[in-house]
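# An overview of the molecular structure
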There are 2 protein chains.
Amino acid sequence: MEVLNKFITIKRHIEGAPQESDFELKTESISLSVQAGSNDVIVKTFYLSIDPYQLNRMKSYSSSQKAHSFAVGIIPGEAIDAFGLGRVVASGHPGFEKDDLVAGVITWGQYSVIKGAVMLNKLDTMGFPLSYHVGIFGTSGLTAYGGFFQVCKPKKGEKVFVSAASGSVGNLVGQYAKLFGCYVVGCAGTKQKVKLLKEKLGFDDAFNYKEETDLKSTLKRYFPDGIDIYFDNVGGDLLEAAVFNMNTFGRVAVCGVISEYIDAAKRAAPDMLDVIYKRITIQGFLAADQMNVYADFLSTTADHLRNGKMEVLEDISHGMESIPTAFMALFSGDNIGKKIVQIAADV
Amino acid sequence: MEVLNKFITIKRHIEGAPQESDFELKTESISLSVQAGSNDVIVKTFYLSIDPYQLNRMKSYSSSQKAHSFAVGIIPGEAIDAFGLGRVVASGHPGFEKDDLVAGVITWGQYSVIKGAVMLNKLDTMGFPLSYHVGIFGTSGLTAYGGFFQVCKPKKGEKVFVSAASGSVGNLVGQYAKLFGCYVVGCAGTKQKVKLLKEKLGFDDAFNYKEETDLKSTLKRYFPDGIDIYFDNVGGDLLEAAVFNMNTFGRVAVCGVISEYIDAAKRAAPDMLDVIYKRITIQGFLAADQMNVYADFLSTTADHLRNGKMEVLEDISHGMESIPTAFMALFSGDNIGKKIVQIAADV
């Protein structure tokens, strides 16, 4: 059976912040059956995870592109692979059957043909809504959980600072840290987000970085006894200010540097004398390195949700056409929580 | 008995590179006997270790000063504490007797009165020259050994880059790394130093950074397969270039940032996207954190020396009056190996 498949692509490489005009909605005709002998899996998309790191893949050159398979450059005009979930409509792969619910690397399209079913897994919903599986149970959740517990190596009572704290990863880091017994302060870019962090997510405190003029002093005010752990989603000035306010043997988990994605001139230059004398560790990491705690992450998070101890922050838009706007919102700070696009309902 | 004690002090706080005029040779009259009931130890100085980190302590303000006891600010006009060794001339402390050979924190002076014998230890020369005990067996050696083995966590065959590689710590890091089975490239600031690294110290390769215009390309040339470990004594451009050329799961041990000591504007702003995608760890450390390997460090290093497997690079000047020049040489690159001042002979 042939169907029309709508998908989003980039018209050209993107430098700086993404614009509506950088994107194009394309339509192609595809067959919904796999060729004999092929081990392809064809997936109908239900939900897509919208993530800032994709912008690096859209640049004409990023030194990170050659360094890692997760950062392979996106080619203008072609489908954009992304984390999402849907149902198998046809499979030549022995591990998958028609109607299997699957999650993994699909595309910003209505249908995806996954060669060899690479990076695709059957999905057990565990009784939770489907959307949770591209957010809190997806790479955002694993990034937060693995990054906090394995990279930050927290001790109870430690002081934790989280930037972009209402974002997809930050809000979960803050919640895990609170449940673990840390003191947690987050920062975000609007009054509404700050209120949400304090009132809904249970952060000990929060502030709007846009209202601050001297971030070193700001952090000194929120952490009079210093910061033990900084979970960095932002980079730039905030990273410098956090290092300045860090305690001895402090740890910085570098998860993302969104302020630097759209402006390389904002790169952080932390004071290395602080790094030396305070024996600070600054460590970059990826969710892919955290698979050793994946089972633990799933069960712990499911328990917290069933016990009403965690909140799920989702920001869901609908339809292929909404993808560019949803993506751009990540860089203008318009989203709260996990940005998700629903492409089709599971009916 | 009263004697005249010559000591060096700073006239004022120092910003930027140190100048001859920043220092003053003072003379005071001191008693070479301890008061009844005191637990002081009076030490006659033989050798002093001359170290770049002291410059940070001479600044009017350094954020690291408040962070760590090793970085306590030096007060103009007062004696400057420093690592060195000598003989006890009088002791009120039960752990020390007259004529004991001791090493530890004394002063840039002919005699030091050590209140309570804090940070002073009896010295076992193990049959090696006295000067070795302020260099290769002192904090420089422990910094190199602990920093390389505990912070860099090397594996055999890994590619190691060392900056300031003919300096007190760098030359030892390179030698330990070679003996351990790594591939080692060092950089230094003169042709003579580069030749020494390759011909005398057995580095696999070395270059003069002053002859290079694009350090990223330079490191690419010396490490076509990337850098696994960067032992950083310099900071600034070199740190950025090393991060750019680093392999996945690379480690940067930040031991010193001499280029930033005299010019904070040279601060490194490494590309955090590289740090994330390549999961790089950047870690500051101090010799004081490496005491758990102290015994191992001493015995391993002594064995290497007895077996002729390590070279000792010393740059010894003589007399109190030579201290300012010796210290300034650290920042102009005039020293080769460990900078030491001999204050008196052990006669």
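From a predicted model like this one, the values you see are computed outputs, not experimental measurements.

Analysis parameters
Residues numbered from 1 in each chain as written. Chains lettered and ligands numbered in written order. Predicted model: local features only at pLDDT ≥ 70, side-chain atom pairs only at ≥ 80, totals over all residues. Heavy atoms only, no water. Helix = DSSP H or I, 4+ residues; strand = E, 2+ residues; numbered from the N terminus. Rg over C-alpha atoms; globule rule 2.2 N^0.38 Å. Buried < 20%, exposed > 50% of the residue type's maximum accessible area, 1.4 Å probe, protein only. Contact = heavy atoms within 4.5 Å. Buried area = accessible area lost by both parts, 1.4 Å probe. Salt bridge = Lys/Arg side-chain N within 4 Å of Asp/Glu carboxyl O. Polar contact = N/O pair within 3.5 Å; in protein donor to acceptor, adjacent residues only side chain to side chain. Nonpolar A, V, L, I, M, F, W, Y, C, P; charged D, E, K, R; others polar. Pairing = 2+ DSSP bridges. Least-squares fit on C-alpha atoms with pLDDT ≥ 70 in both. Disulfide = S-S within 2.5 Å. Phe/Tyr/Trp six-rings, centres within 6.5 Å; stacked < 30°, edge-to-face > 60°. Lys NZ or Arg CZ within 6 Å of the ring centre and 35° of its normal. Domains from an automatic or database assignment. Core = buried A, V, L, I, M, F, W, Y, C linked by side-chain atoms within 4.5 Å. Right-handed = clockwise from strand over helix to strand, strands pointing away.

## Some thoughts on the overall build of chain A
When helices and strands are tallied, chain A shows 11 helices and 15 strands. Against the compact-globule benchmark of 20 Å for 347 residues, chain A has a radius of gyration of 20 Å, which places it among compact chains. Seen along its three principal axes, the alpha-carbon backbone of chain A occupies a region of about 65 × 45 × 35 Å. Relative to its 347 residues, chain A shows a buried fraction of 59%.

## Looking at the interface of chain B and chain A
Across the boundary between the two partners, chain B contributes 40 residues, which contact 41 residues of chain A. Interface area for chain B against chain A, summed over the two sides, is near 3500 Å², with a carbon-plus-sulfur share of 59%. Between the two partners, chain B and chain A, sit 4 salt bridges. Between B:Arg279 and A:Asp289 there is a salt bridge, with the nearest N and O atoms lying 2.6 Å from each other. Taken together, chain B and chain A are joined by 7 residue pairs in polar contact (both at pLDDT 80 or more). Among the secondary structure elements, those contributing two or more residues to the side of chain B that touches chain A are helix H2 (63–67), helix H7 (236–244), strand E12 (246–254), helix H8 (258–261), helix H9 (272–277) and strand E13 (281–284) of chain B. In terms of residue count, the dominant contributor to the side of chain B that touches chain A is H9(B) (6 residues). Of the residues that constitute the side of chain B that touches chain A, the class distribution is 23 nonpolar, 9 polar and 8 charged. Direction of pairing for strand E13 (residues 281–284) of chain A relative to E13(B): antiparallel, over a ladder of 3 bridges.

## A short note on the pattern of salt bridges
Residues and elements named next belong to chain A. One pass over the structure, following the stated rule, counts 42 salt bridges over all chains. Taking the shortest distance from any N to any O, the salt bridge between Arg251 and Glu158 comes out at 2.7 Å. Of this pair, Arg251 sits in strand E12 (residues 246–254) while Glu158 is found in the loop between helix H3 (139–151) and strand E8 (159–162), placing the two residues 93 residues apart along the sequence. With relative accessibility at 11%, the residue Arg251 sits in the buried group. The exposure class of Glu158 is buried, given its relative accessible area of 10%.

## A short note on the relation of the copies chain B and chain A
It takes a turn of 180° to lay chain B on chain A, together with a shift of 0.0 Å along the axis; the resulting RMSD is 0.0 Å. Such a combination of turn and shift is consistent with a two-fold rotation axis. Rotation axis and chain B: the residue whose C-alpha lies nearest the axis is B:Ala269, separated from it by 2.0 Å. Of the interface residues in chain B, 100% have counterparts in chain A that sit at the interface too, so the contact is made through matching surfaces.

## Regarding the environment of B:Asp225
Inspection of the secondary structure assignment puts B:Asp225 in the loop between helix H6 (215–222) and strand E11 (227–232). Sequence separation between B:Asp225 and B:Ala253 is 28 residues, and the spatial gap between their C-alpha atoms is 20 Å.

## Here we look at the state of the cysteines
Residues and elements named next belong to chain A. The full count for this structure, using the stated rule, is 0 disulfides over all chains. Cys187 takes part in no disulfide bond, and the closest cysteine sulfur, belonging to Cys255, lies 14 Å away. Look at Cys187 and you get buried, because its relative accessible area is 1%.

## Considering the packing of aromatic side chains
According to the stated counting rule, one finds 38 aromatic pairs over all chains in the structure shown. Relative to A:Tyr230, the ring of A:Phe161 lies with its centre 4.9 Å away and its plane at 15°, an arrangement referred to as stacked. Taken as a pair, A:Phe161 in strand E8 and A:Tyr230 in strand E11 (residues 227–232) lie far apart in primary sequence, 69 residues in all. On the basis of relative accessible area, A:Phe161 is assigned to the buried category, the value being 0%. For the pair B:Phe207 and B:Tyr222, a centre-to-centre distance of 4.8 Å together with 25° between the ring planes defines the contact as stacked. Of this pair, B:Phe207 sits in strand E10 (residues 205–208) while B:Tyr222 sits in helix H6, placing them 15 residues apart in sequence. Take B:Phe207 and B:Tyr222: they sit in the same class, and that class is buried. Taken together, A:Tyr145, A:Phe148, A:Phe149, A:Tyr176, A:Phe180, A:Tyr294 and A:Phe297 form an aromatic cluster joined through their ring pairs. Sitting over the face of the ring of A:Phe180, A:Lys156 holds its NZ or CZ atom 4.3 Å from the ring centroid.

## A look at the domain arrangement of chain A
Residue and element names in this part refer to chain A. On domain assignment, one finds that chain A holds domain 1 (2–135 + 313–342) and domain 2 (139–288). Distance from the C-alpha centre of domain 1 to the C-alpha centre of domain 2: 29 Å. Across the contact, 21 residues belong to domain 1 and 18 residues belong to domain 2. Between domain 1 and domain 2, the buried area comes to about 1500 Å², and carbon and sulfur atoms account for 63% of it.

## Considerations on the nonpolar core
By size, the foremost hydrophobic cluster in this structure holds 120 residues, and its most contacted members are A:Trp108, A:Phe161, A:Tyr230, B:Trp108, B:Phe161 and B:Tyr230. In this structure A:Tyr230 touches A:Phe161, A:Ser163, A:Leu238, A:Leu239, A:Ala242, A:Met246, A:Arg251, A:Val252 and A:Ala253, once residues within four positions along its chain are discounted.

## As for the side chain of B:Thr143
Residue and element names in this part refer to chain B. Relative to the elements of secondary structure, Thr143 occurs in helix H3 (residues 139–151). Of note is the side chain of Thr143, whose polar atom sits 2.6 Å from the backbone oxygen of Thr139. With residues up to four places along the chain from it excluded, the contact list for Thr143 reads Phe148, Val169, Phe231, Cys255, Phe285 and Ala287.

## A few points about the pairing of E10(B)
Residues and elements named next belong to chain B. The pairing of strand E9 (residues 183–188) with E10 spans 4 bridges and is classified as parallel. Across the sheet, Cys187 pairs through a bridge with Phe207, a residue of E10. You can see the chain leave E9, run along helix H5 (residues 191–199) and come back into E10, and the turn it takes is right-handed.

## Overview of unusual backbone geometry
Residues and elements named next belong to chain B. Notably, Met119 is not glycine yet its phi reads approximately 60°, a positive angle. By the element assignment, Met119 lies in the loop between strand E6 (111–114) and strand E7 (120–122). The phi dihedral of Lys153 is positive, around 45°, even though this residue is not glycine. Here Lys153 is to be found in the loop between H3 and strand E8 (159–162).

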